[in-house]
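Inside the fold
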Amino acid sequence: MSERASNRIFDILNVLIIIVVILVCLLPFVHIIAISLSSSRPIMSGLVTFFPREFTFEAYTKVFSDMSMIRSLGFTIMLTILATVLSMAMTIAVAYSLSKKELRGRKWFMLIIVVTMFFSGGIIPDYILIRNLHLLDTVWALVLPGLISPFYMIILISFFNSIPKSLEEAAEIDGTTHLGTLFRVILPLSLPSLATLSLFYAVGRWNGFQDALMYINRPDLYPLQLKLYQMIQNNQVSELMQQEGLGMAQLMPESLKAASVVFSTVPILIVYPFLQRYFISGMMAGAVKG
Amino acid sequence: MKAVKNTTYLRRNWQLYALLMLPVIYFLIFKYGPMYGVQIAFKEFNFFEGIAGSEWVGLDIFREVFQNNDFFKALRNTLLLNLLDLIISFPAPLILAIMLYELRIIWFKKFAQTILYVPHFISWVIIGGIVLQVFGTESGFINNLLTGMGLDAIPFLSNKHYWLITYLLVGVWQSAGWGTILYLAALTGINKELFEAAEVDGAGRFKKIFHISLPGIKTTIATLLIINLGNMISIGFDRPFIVGNVAVRDYSEVLSTFVYRVGIESGQISLATAVGLFQALVGLIFLLGANYASKKLADESIL
Amino acid sequence: MTTRGSKKWASPAIAVLMASTMLLSACSSKEDTASGNAGSGSPEPATLKVEVFDRGNTPSGYTISDSYLTRLVQERFGKPNNIDVEFVPVPRSEEIQKLNVLMASKSEVPDIVFTYDSGTFNRYAEQGGLTDLTELIDEYAPNLKKFLGEDTLAYGQYNGKQFALPGRRLVLGKYAGYVRQDWLDKLGLPAPTNTEELYTTLKAFKEQDPGNTGGKVIPFGVSLAAAQYEPLIWSFIKPLTDEQRYTLTQQLGSSDYPALLPGFEDALKFMNKLYNEGLMSKDFGLDKDKKQLWQSLQNGLVGFYTEDAGEPYFTWNDFYENLQTNVPGASITPVDTFTNAAGEHAKPAYAPNAMYVMIPKSSSNAVAALKYLDWMASDTNLFDIQFGVENENYTLENGVPVVKPDATSEITDRLYNFGDIAVIVNGKFAGDDAKNEAAYIAQTPEKFQADMKKSVEISNVDTIQPVRFGHPIEAEAKYGTALADKFQEIIVKMTMIKPEQFESTYDSMIKDYMASGGQAILDERTAAYKEMTSK
């Protein structure tokens, strides 16, 4: 078999497999969308799979007319941007310094940071710290505690290290300072990895709610995912419902839950396509040549 | 002599230390600040006396933990599930990323990437519902197909051996697409000229994958592998808790769910902290060990 | 790089950082005081902080801490007493975790907190974190004391001191059985009245498939919720002596568990038989939130099941309506089926208490907190919180409030969260027991009310009362949650196992149960019983 023919077979098989994977990944979400557009009876009877039954927009009308959802969306977008920008700035700073093998004390700094990947004081000292810093019920309680992820920092260090040393050295010979090298050489060459980590931070912040659960009491500072989580959990605790007795149970319609899932997922899903251009073409080749 | 050396070193590198300042402050305040909490593991925690006021009990809590049969079952299962994940779920995003990278049609490539990471955004409670609809014995999608063809239903969720498969599949489904992002970013760093040169030499697709793509992202793979090994003893809460059920608790009970049920739900903060401390120590040793091994074997290290 | 060099560099760096640490915290505290003072008005009203559950279901236009009811509280209680009532949301599903943290922080904990979890209450009381209300209640909350009554108040005592005010539970019956009447009619069978007849009925449902489900019939619908298996299990428990009742019962969480009671094994054997004969839901062990059961019910696949009495007639998920749409002609009838050795329809009932309402010791507002709870028990305050405005939310029929079915959502939204605000009671309080029951039944649509009434009656027949010691069993607080999970594991495994493996597995599972805390509870209870009887 010729090289070309085998390449062709490879391509076809590859596309086919990816299509299957796409379906497997997409169908559950299609299912959720279908539920968000269906009426209660077919949902509760388990009749909705991939197409809406007894089509209705009611759930979306409710979501979009709920000002607290809209406000929460706005707040979450603001929060995500703020947290991502600060996290990236801090992570770049620490990763760049620690990517310098010749930095004295590097090992110790590394150790200090890596230890925090494993050891933590626990939920009660965390809460007391946030209270003592007077951060309860402020946006900072959702930004500062998770500012730097040691895991992402390590990844960024490894990306920085993969940039050919010759480029840095050239800059240094020109008399450029470390900061100059960082901004003029390293960062422009690292756009794919910066895009990746920004996405990771942003998605982590967007999906996170555990901290808000503890630190936030003011409804206007509820991130979207916290609202969503409570909505979903509300129907889950059958044991609790039994304690509360029948008159008290307040179920949330499944379609409303599904519509809220769609409402809170789509905004972050569409971030990726915008970042994609950084992954598609290699920047490196051109940069090295130029 | 030395002093001069130090001054020049400082003059040349002070910016690096300046850059480190805020991050290190951050770690000291937000990570080391609450660290005094680990002493709860050696105290009988009283909510109202606080951490300082609670009574020291030495290693009593650890003794209690290590005498608990469920703890060892949970420990064994944590290692078992993580090991299976390492074999199955760790390579999955790598393979997928290579496949995506090899796609020739740009729009399809973009589209595929966007879709593949959708599962990462579906919350676990909802995944739990979907899992039951897909894998359920009585009315699950797959079993409906099987029984429709006249075959026997497979207890994907209620037989503990089948459950392991289900657990792995759900994990791969949920995280593989998301995991590709990192590898794709690393792949963009490979010099295109290498591929062009290989093409001139008449190298086939597999040859290019194994001789250019994979070596090109070796560092990323090693980094992730080391961190994964460091996490062998800790395990996320949601997947075993949501996908697991009482019928398969022999396998689905892991350290995180154990701590949740025995420690947190019952207000036994000391016990939860002791287990956490044990995990942290073992985890750190695993990580340093993996890092050392990787340095020796592949000249890759993260520290 | 040498270690020596790095040490030299690390220490001054850390010193600098420590200094900046303090700077940072100083900055943030300034910022906070500036924002913290906003919103207070006239001559320094005291602030009373009250916990409220956040269930994520706030209707549009309200927030969890600002709704019709919170305004009502402020208007009627806050203003006259110069108190600002502030509601502090606690997420329903993580309430214990958050409450623990708030308690540990001291400064942030509300003046009034509550939980359903008896273990949590006992823990707080044991660790000395709660205000002793024994005398305060006489002085500041006489109406509340009268409203709750001795029986209910007893549940909030710890070693003779009143550390919690348990909410009063109005509906004490728990369970009823439901059977498809149209299937019975088709097969010419009578409604089953005892366990044996039920078995015959289930068999007939399976073999003759009166619903034409094409083999999908589930004669006995079960999920992992207590309502589906408790009535069956408790009916197998043998008649008990007082000593057995006190020592062998295990209270895990808020309910009594029968794991050590004589007859428990027989109950499991019966479930095992039903399962292996294909008479029971196959996936019941996976059905944590009843969703599968509901689905099968609505699709008309289930012949019989037990449930919280009256559940099918409440309209929150339109189960009955959906069933009748999906399967025209389908109808269900409440039945009392499981019988014990004495021929009684024995089944568990609720204790007369609900939430444990507590005032933390760190609160400096204990008096105001009691006044607030007393206010709630006085005049028509509780009634107005639970029922709303006459002729808008409800109409009075023979003194019984009946919810207006045609009220707009704007009007019904007023009552949003009423259950979590009216913490002194569980269930709607209409005046007296008879009115309460009438009001309870009147919550369901008129066409279902006869069946609803029958359900409530069934739930009150031959009830098994919870057992109570004068002081809490510490081992139960410690092992309760873990053992409750083990208990479910026993039920599921013993039901699904092959009959020939039953005996050996049962023994090893009970052994594991005992080792995981069951024995400790047994020992403590035995000692407590000795002490109780020797007095």
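Residues numbered from 1 in each chain as written. Chains lettered and ligands numbered in written order. Predicted model: local features only at pLDDT ≥ 70, side-chain atom pairs only at ≥ 80, totals over all residues. Heavy atoms only, no water.

**Some thoughts on the overall build of chain B**
- Counting secondary structure elements, chain B contains 16 helices and two strands.
- Taken over the C-alpha trace, chain B has a radius of gyration of 25 Å; the compact-globule value for 303 residues is 19 Å, which it surpasses by more than 25%.
- Across the 303 residues of chain B, 58% fall into the buried class.
- In chain B, of all internal contacts separated by at least 6 residues, the share reaching a separation of at least 24 is 64%. (Helix = DSSP H or I, 4+ residues; strand = E, 2+ residues; numbered from the N terminus. Rg over C-alpha atoms; globule rule 2.2 N^0.38 Å. Buried < 20%, exposed > 50% of the residue type's maximum accessible area, 1.4 Å probe, protein only. Contact = heavy atoms within 4.5 Å.)

**Some thoughts on the side chain of T120 of chain C**
- Take T120 of chain C: it is sitting in helix α4 (residues 118–126).
- Taking relative accessible area as the criterion, T120 of chain C reaches 0% and is therefore assigned buried.

**Details of the sheet that holds strand β6 (residues 165–169) of chain C**
Residue and element names in this part refer to chain C.
- The mixed open sheet is built from four strands, whose spatial order is β3-β14-β6-β17. Taken across any chain shown, the strands that pair with only one partner, and hence form the sheet edges, are β3 (113–115) and β17 (425–426).
- Sheet analysis places β6 next to strand β14 (residues 353–358), joined by three bridges and oriented antiparallel. For R168, the partnering residue across the bridge sits in β14 and is N353.
- The strands touched by helix α6 (residues 142–154) within the sheet are β6, β14 and β17, with β6 carrying the most contacts at an inclination of about 90°. (Pairing = 2+ DSSP bridges. Axes fitted to C-alpha atoms, helices over the stretch in contact; angles between N-to-C directions.)

**Some words on the interface of chain A and chain B**
- Chain A puts 91 residues into the contact, and the matching count from chain B is 87 residues.
- Taken over both partners, the interface formed by chain A and chain B buries close to 8,100 Å², and the fraction arising from carbon and sulfur atoms is 76%.
- Our count for the chain A to chain B interface comes out at one salt bridge.
- For R205 of chain B, the salt bridge goes to D11 of chain A, with nearest N and O atoms at 2.8 Å.
- Scanning the region where chain A abuts chain B turns up 18 residue pairs in polar contact (both at pLDDT 80 or more).
- A breakdown of the residues in the side of chain A that touches chain B according to their chemical character gives 63 nonpolar, 19 polar and nine charged. (Buried area = accessible area lost by both parts, 1.4 Å probe. Salt bridge = Lys/Arg side-chain N within 4 Å of Asp/Glu carboxyl O. Polar contact = N/O pair within 3.5 Å; in protein donor to acceptor, adjacent residues only side chain to side chain. Nonpolar A, V, L, I, M, F, W, Y, C, P; charged D, E, K, R; others polar.)

**Concerning the environment of Y124 of chain C**
- Following the sequence through the fold, Y124 of chain C ends up in helix α4.
- In this structure the C-alpha to C-alpha distance between Y124 of chain C and K361 of chain C, which are 237 residues apart in sequence, comes to 9.9 Å.
- Each residue touching Y124 of chain C, except ones within four places of it in the same chain, is listed here: F47 and F48 of chain B together with L99, N100, M103, G129, L130 and M358 of chain C.

**Some remarks on the packing of helix α9 (residues 226–235) of chain C against helix α11 (residues 264–276) of chain C**
Residues and elements named next belong to chain C.
- Remark: α9 packs on α11, axes separated minimally by 8 Å, with the N-to-C direction vectors making an angle of 125°. Relative to α11, the element α9 lies oblique. As α9 packs across α11, the resulting crossing turns out to be right-handed. Contacts between α9 and α11 pair Y229, L232 and I233 from the former with F264, A267, F270, M271 and L274 from the latter. (Parallel < 35°, antiparallel > 145°, perpendicular 65-115°, else oblique. Left-handed = near helix turned anticlockwise from the far one by under 90°.)

**Side note on helix α3 (residues 58–65) of chain A**
Residue and element names in this part refer to chain A.
- Regarding α3, the residues found buried are A59, Y60 and V63. Within α3, the buried residues cover an arc of 95° as seen down the axis, which keeps them to one side. α3 presents E58 and T61 as exposed residues on the side facing more than 90 degrees away from its buried surface.
- Those residues of α3 hidden inside the fold are in contact with α1 (3–36), α4 (67–98) and α14 (254–269). (Arc of directions from axis to C-beta.)

**Quick look at the domain arrangement of chain C**
All names here are of chain C.
- One can read the domain layout of chain C as domain 1 (47–171 + 352–431) and domain 2 (175–348 + 462–534).
- Taken over C-alpha atoms, the centre of domain 1 sits 32 Å from the centre of domain 2.
- Each side of the interface is counted separately: domain 1 has eleven residues, and domain 2 has eight residues.
- Buried area between domain 1 and domain 2, summed over both chains or domains, comes out near 800 Å², and the portion from carbon and sulfur atoms is 46%.
- Linking domain 1 to domain 2 there are zero salt bridges.
- Summed over the shared surface of domain 1 and domain 2, the result is two residue pairs in polar contact (both at pLDDT 80 or more). (Domains from an automatic or database assignment.)

**Side note on the packing of helix α6 (residues 123–132) of chain A against helix α3 (residues 95–105) of chain C**
- Here α6 of chain A crosses α3 of chain C at 55°, and the two axes come no closer than 9 Å. In terms of axis orientation, α6 of chain A runs oblique to α3 of chain C. Crossing angle aside, the handedness with which α6 of chain A passes α3 of chain C is right-handed. Taking contact as the criterion, the partners of I123, I124, Y127, I128 and R131 of chain A in α6 of chain A are, on α3 of chain C, Q97, V101, L102, A104 and S105 of chain C.

**Some thoughts on a negative patch on the surface**
- A contiguous patch of negative charge on the surface is contributed by E44 and E55 of chain B together with E126 and E474 of chain C.
- Following the sequence through the fold, E474 of chain C ends up in helix α20 (residues 474–496).
- Classification of E474 of chain C by relative accessible area gives partly exposed; the value is 47%. (Patch = residues over 30% accessible without salt bridge, like charges linked within 9 Å, V, L, I, M, F, W, Y side chains within 5 Å. Areas by Shrake-Rupley, 256 points an atom, 1.4 Å probe, with all protein chains shown as cover. Lys, Arg positive; Asp, Glu negative; His and termini not counted. Charge placed at Lys NZ, Arg CZ, Asp CG, Glu CD.)

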